[in-house]
Amino acid sequence: MNNSANVSIRIDMQLKKQAEELFLDLGLNMTSAVTMFLRQAVRSQGIPFEISRVPNAETIEAMREAESIARDPNVKGYSNLDELFKALKS
């Protein structure tokens, strides 16, 4: 009895090609590589590699701007959405 299931995913064509080339070089096919990833994820009960959020330059600039606005005593703040909407309507 075959105890396998099909999984269908959409990925960028170039990424797929690069991954297939890498896996072929490692002696694997896409199915084997994905199965290895899934087994390791289940074994570790998480993503089997570190994932970090590294902001790009635009995000860093937006964060700096937000911090600057938050510290500016001349900028009006609101404690709830009702106050904000009321100010926007006036």
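For the structure, check the block above.
Residues numbered from 1 in each chain as written. Predicted model: local features only at pLDDT ≥ 70, side-chain atom pairs only at ≥ 80, totals over all residues. Heavy atoms only, no water.

Caption draft 1: Highlighting the overall build of the protein. Within the protein one finds four helices and zero strands. For the protein, the sequential pattern of α-helices and β-strands runs α-α-α-α. Radius of gyration (C-alpha) of the protein: 24 Å, far over the 12 Å computed for a compact globule of 90 residues. Each principal axis of the C-alpha distribution contributes one length, and for the protein these read about 70 × 35 × 30 Å. For the protein, buried positions account for 4% of its 90 residues. On the protein, roughly 8900 Å² of surface is accessible, and the fraction owed to carbon and sulfur atoms is 55%. Distance between charge centres in the protein, computed from 11 positive and 12 negative side chains, equals 7 Å. (Helix = DSSP H or I, 4+ residues; strand = E, 2+ residues; numbered from the N terminus. Rg over C-alpha atoms; globule rule 2.2 N^0.38 Å. Buried < 20%, exposed > 50% of the residue type's maximum accessible area, 1.4 Å probe, protein only. Areas by Shrake-Rupley, 256 points an atom, 1.4 Å probe, with all protein chains shown as cover. Lys, Arg positive; Asp, Glu negative; His and termini not counted. Charge placed at Lys NZ, Arg CZ, Asp CG, Glu CD.)

Caption draft 2: A look at a nonpolar patch on the surface. Together, Val34, Phe37, Leu38, Ile47, Phe49 and Ile51 line one region of the surface with nonpolar side chains, adding up to about 560 Å² of accessible area. Considering the arrangement of structural elements, one finds Ile51 in the loop between helix H2 (30-44) and helix H3 (57-71). (Patch = residues over 30% accessible without salt bridge, like charges linked within 9 Å, V, L, I, M, F, W, Y side chains within 5 Å. Salt bridge = Lys/Arg side-chain N within 4 Å of Asp/Glu carboxyl O.)

Caption draft 3: How the structure looks around the pattern of salt bridges. Evaluated as defined, the whole model comprises three salt bridges. In this structure, the salt-bridge partner of Glu21 is Lys17, at a minimum N-O distance of 3.4 Å. With a gap of four residues between them, Glu21 and Lys17 both fall in helix H1 (residues 13-25), about one helical turn apart. Its relative accessible area of 47% is what places Glu21 among the partly exposed residues.

Caption draft 4: A look at unusual backbone geometry. The backbone of Gln45 shows a phi angle near 55°, a positive value even though the residue is not glycine. Counting through the fold element by element, Gln45 comes out in the loop between H2 and H3.

Caption draft 5: Inspection of the environment of Pro48 at higher detail. Within the fold, Pro48 resides in the loop between H2 and H3. Along the sequence, Pro48 and Ala62 sit 14 residues apart, while their C-alpha atoms lie 31 Å from each other. Excluding anything up to four places from it in sequence, Pro48 contacts Phe37, Gln40 and Ala41. (Contact = heavy atoms within 4.5 Å.)

Caption draft 6: Molecular detail of the packing of aromatic side chains. Within this structure, the stated rule accounts for one aromatic pair. Taking 6.1 Å as the distance between ring centres and 40° as the angle between the ring planes, the aromatic pair formed by Phe37 and Phe49 counts as tilted. Here Phe49 lies in the loop between H2 and H3 and Phe37 lies in helix H2, a separation of 12 residues in the sequence. (Phe/Tyr/Trp six-rings, centres within 6.5 Å; stacked < 30°, edge-to-face > 60°.)

Caption draft 7: Focus on helix H4 (residues 81-89). Burial analysis of H4 places just zero of its nine residues in the buried class, a small minority of the element. The N-cap residue of H4 is Asn80: its side-chain oxygen and the backbone nitrogen of Asp82 are 3.0 Å apart. (Polar contact = N/O pair within 3.5 Å; in protein donor to acceptor, adjacent residues only side chain to side chain.)

Caption draft 8: Seen up close, H1. Compared with an ideal rise of 1.5 Å per residue, which puts 13 residues at 18 Å, H1 spans 19 Å between its outermost C-alpha atoms and is within 8% of the ideal. Its side-chain oxygen 3.0 Å from the backbone nitrogen of Gln14, Asp12 forms the N-cap of H1. Positioned one or two residues after H1, Gly27 has a phi angle of 80°, which is positive. (Expected span 1.5 Å × (residues − 1).)

Caption draft 9: Region of interest: the environment of Asp25. Here Asp25 lies in helix H1. Considered as a pair, Asp25 and Asp72 are 47 residues apart in the sequence and their alpha carbons are 56 Å apart.

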